[in-house]
Amino acid sequence: MKAFELNGRGVGVTGGGGHLGQAMVLALAEAGAQVWAIGRTQAKLDALFEEAARQGLSDRVSLVQADVTVAGSCASVFAEMKRACGGVHGWVNNAYAGRSQLLGALDEAGLDFTLSSSLSSLMRLTQEVAECMETGGSVVNISSMYGMVSPRPSLYREHPRFHNPPAYGAAKAGIIQFSRYAACHYGLRGIRVNAISPGPFPSPAVQTEEGFVQALSEQVALGRIGEPSEVAHGVVFLLSPASSFITGHNLVIDGGWTAW
């Protein structure tokens, strides 16, 4: 359907080399977008490009090694998108950085780092992106089900190293609220801002822990963990004309985790 096509549109994806980021980049490229994948780790970006080449999408994917927590780090990306595509049409704030400090072991430095790198930098980058969207556009901010509900302590009792820290959830909750705020303030400029809250999408390394994956699956109404493409398709939707009257929304893709 043409409403879901992104032909010729310039889209940036932070955290583009990550578990979910790679799927987002490939799905956007498949939908016709020119995608700039931004990440800190060159090896992950190179792996993404290899997969894009395997799928015949490499001509639609550009790699950018950058730390988006640094102000102005994406200025060259914005300029290149304008030259190549005539503007910045879409942006996905997917990058995350934080420290795994649980209750009882919190310190101010760790909290400041997580909240600054995961929430403050996203807010600042959204502003930078919006300043480049001269004819409107769409921003998608990646939150989490743990920005809506708390981790259940019993789920992690036998798997403590996978427990989500409180600053992670606080940052993700802030992303949802900021997306609403930005949507209301940028709406008259034709800029839509939405959030996506993924549920359980453990990385391949985590999936080697079969007991933990089973425990996660038992918390999901659909009885399984998610596939990265299932988040990526939501990103394509929110960046496409098919969602032209949707802004300030939090799209929950969690298999029913938060429906119980």
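For the structure itself, consult the block above.
Residues numbered from 1 in each chain as written. Predicted model: local features only at pLDDT ≥ 70, side-chain atom pairs only at ≥ 80, totals over all residues. Heavy atoms only, no water.

Taken together, the seven strands give an open sheet; going across it, the order is β3-β2-β1-β4-β5-β6-β7, and neighbouring strands pair in parallel fashion. Both outer strands of the open sheet, β3 (61–65) and β7 (250–253), are each paired with one neighbouring strand and no more. Direction aside, neighbouring strands of the sheet carry axes that sit 20° apart on average. Two strands pair when backbone bridges link them, and strand β1 (residues 10–14) and strand β2 (residues 34–39) are joined in this way by five bridges, in the parallel orientation. Each residue of the ladder has a partner; that of Val-11, found in β2, is Val-35. Contacting β5 (137–142), β6 (191–198) and β7, helix α6 (residues 166–186) runs over the sheet at an angle of about 160° to β6. Along the sheet, helix α9 (residues 228–239) contacts β1, β4 (90–93), β5, β6 and β7; its crossing angle with β6, the most-contacted strand, is approximately 165°. (Pairing = 2+ DSSP bridges. Helix = DSSP H or I, 4+ residues; strand = E, 2+ residues; numbered from the N terminus. Axes fitted to C-alpha atoms, helices over the stretch in contact; angles between N-to-C directions. Contact = heavy atoms within 4.5 Å.)

A word on the packing of helix α1 (residues 19–30) against helix α2 (residues 42–54). Remark: α1 packs on α2, axes separated minimally by 10 Å, with the N-to-C direction vectors making an angle of 35°. The element α1 and its partner α2 pack so that their crossing is right-handed. Residues Gln-22, Val-25 and Leu-26 of α1 lie in contact with α2, whose contacting residues are Lys-44, Ala-47, Leu-48, Glu-51 and Ala-52. Along the lines of polarity and charge, the residues of the contact of α1 with α2 split into five nonpolar, one polar and two charged. (Left-handed = near helix turned anticlockwise from the far one by under 90°. Nonpolar A, V, L, I, M, F, W, Y, C, P; charged D, E, K, R; others polar.)

Let's shift gears to the pattern of salt bridges. Inspection of the entire model under this criterion finds six salt bridges. The closest approach of N and O atoms between Glu-51 and Arg-54, which form a salt bridge, is 2.7 Å. Of the two residues, Glu-51 and Arg-54 both sit in helix α2, three residues apart, roughly one turn of that helix. The class of Arg-54 is exposed, set by a relative accessible area of 63%. A salt bridge links Arg-124 to Glu-128; its shortest N-O distance comes to 3.4 Å. (Salt bridge = Lys/Arg side-chain N within 4 Å of Asp/Glu carboxyl O. Buried < 20%, exposed > 50% of the residue type's maximum accessible area, 1.4 Å probe, protein only.)

Keep in mind that these numbers describe shape and distance, not what the molecule does.
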